[in-house]
Amino acid sequence: MNQTVYSRRPASSIPNVIFALLIINGLVFALQQVNARFLFINFALWPATDPRSPFMPWQLLTYGFLHGNTTHIFFNMFGLWMFGRDIERFMGSQRFLIYFLVCVVGAGIVQLIVAAFQGGLYPTVGASGGVFGILLAYGLTFPNRIVVPLFPPIPMRAITFVFIYGALELYLGVSGGAPGVANFAHLGGMLFGFVLIQYWRRGRGRRYAASGQPTTVDRYRGTGDMRAGIAGEKQR
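Residues numbered from 1 in each chain as written. Predicted model: local features only at pLDDT ≥ 70, side-chain atom pairs only at ≥ 80, totals over all residues. Heavy atoms only, no water.

Peer 1: Mind showing me how you'd approach the packing of helix α4 (residues 93-118) against helix α5 (residues 128-141) here?
Peer 2: The description of two packed helices rests on the angle between their axes and on the distance between the axes. Interhelical geometry of α4 versus α5 gives an angle of 125° and a closest axis separation of 7 Å. Between α4 and α5, the angle falls in the class oblique. Considering only the axes of α4 and α5, their crossing is right-handed. When α4 is examined against α5, the residues F96, Y99, F100, C103, V104 and A107 are found in contact with a partner set consisting of G129, G130, V131, G133, I134, L136 and A137. Here the contact of α4 with α5 is built from residues that sort into ten nonpolar, three polar and no charged. (Axes fitted to C-alpha atoms, helices over the stretch in contact; angles between N-to-C directions. Helix = DSSP H or I, 4+ residues; strand = E, 2+ residues; numbered from the N terminus. Parallel < 35°, antiparallel > 145°, perpendicular 65-115°, else oblique. Left-handed = near helix turned anticlockwise from the far one by under 90°. Contact = heavy atoms within 4.5 Å. Nonpolar A, V, L, I, M, F, W, Y, C, P; charged D, E, K, R; others polar.)

Given below as structure tokens:
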């Protein structure tokens, strides 16, 4: 007897974690319109060193699901959708979720350090740290893909795009040219993402070496492609 198997969404549509993150961020943003003050006081990321601050440890994660305005959430979710789909398919849903959350928390840690030096009492919100971590993974995984950013609309290699945005964030953070933007948190997301990717690559390389099989690093050496170790299999 023939049986038809139905799935919730086609395999070619938005991957599961990306889909869930888009929905969760949208719902939280809707809740902000109801009681933004409560959400910001309890779940935005506040400086940890100011005695007046309502900082709590869970804010290192929850701040990444709050956004300042419609433009803020739109560009973050657009970046998550644009660059995250292929990365989730490549890493797998579980590893992608771990990667995204590590980047969010890592960006929050860097922001707390920066806030301790800068002083002041202000909240930080947004998924930008996770999105910048995904952008880094995209550039390392598909370095030779051509992307066309919204600004400037010039075709360039993905790895070039990552370097330009990273350098721009560093410049803006040091110069203070973008007040109100957590530039160092964005860089923190990229930093923690890079460290996690290297950890995964080395761990997989050790397992292959122990088994006597060629490592993924060996198989990709000389190709100019940094995909080895993120998912451990060749992209087709």
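So, next bit.
Peer 1: What's the story with the packing of aromatic side chains in this structure? I'm lost.
Peer 2: In this description, an aromatic ring pair is defined by two values, namely the gap between the centres and the angle between the planes. Tallied over the entire structure, the rule returns ten aromatic pairs. On the basis of an interplanar angle of 80° and a centroid distance of 5.2 Å, the ring pair of F74 and F75 is categorised as edge-to-face. Since its relative accessible area comes to 45%, F75 is described here as partly exposed. Measuring from ring centre to ring centre gives 5.1 Å for F83 and Y138, while their planes differ by 75°; the resulting arrangement is edge-to-face. Taken together, the positions of F83 in helix α3 (residues 70-91) and Y138 in helix α5 put the pair 55 residues apart, joining distant regions of the chain. Feature note: the residues F83, F90, Y138, F142, F161 and Y165 constitute an aromatic cluster, connected by ring pairs. Lying across the ring of W81, R85 places its NZ or CZ 3.9 Å from the centre. In this structure, R95 packs its charged tip against the face of W200, placed 4.2 Å from the ring centre. (Phe/Tyr/Trp six-rings, centres within 6.5 Å; stacked < 30°, edge-to-face > 60°. Buried < 20%, exposed > 50% of the residue type's maximum accessible area, 1.4 Å probe, protein only. Lys NZ or Arg CZ within 6 Å of the ring centre and 35° of its normal.)

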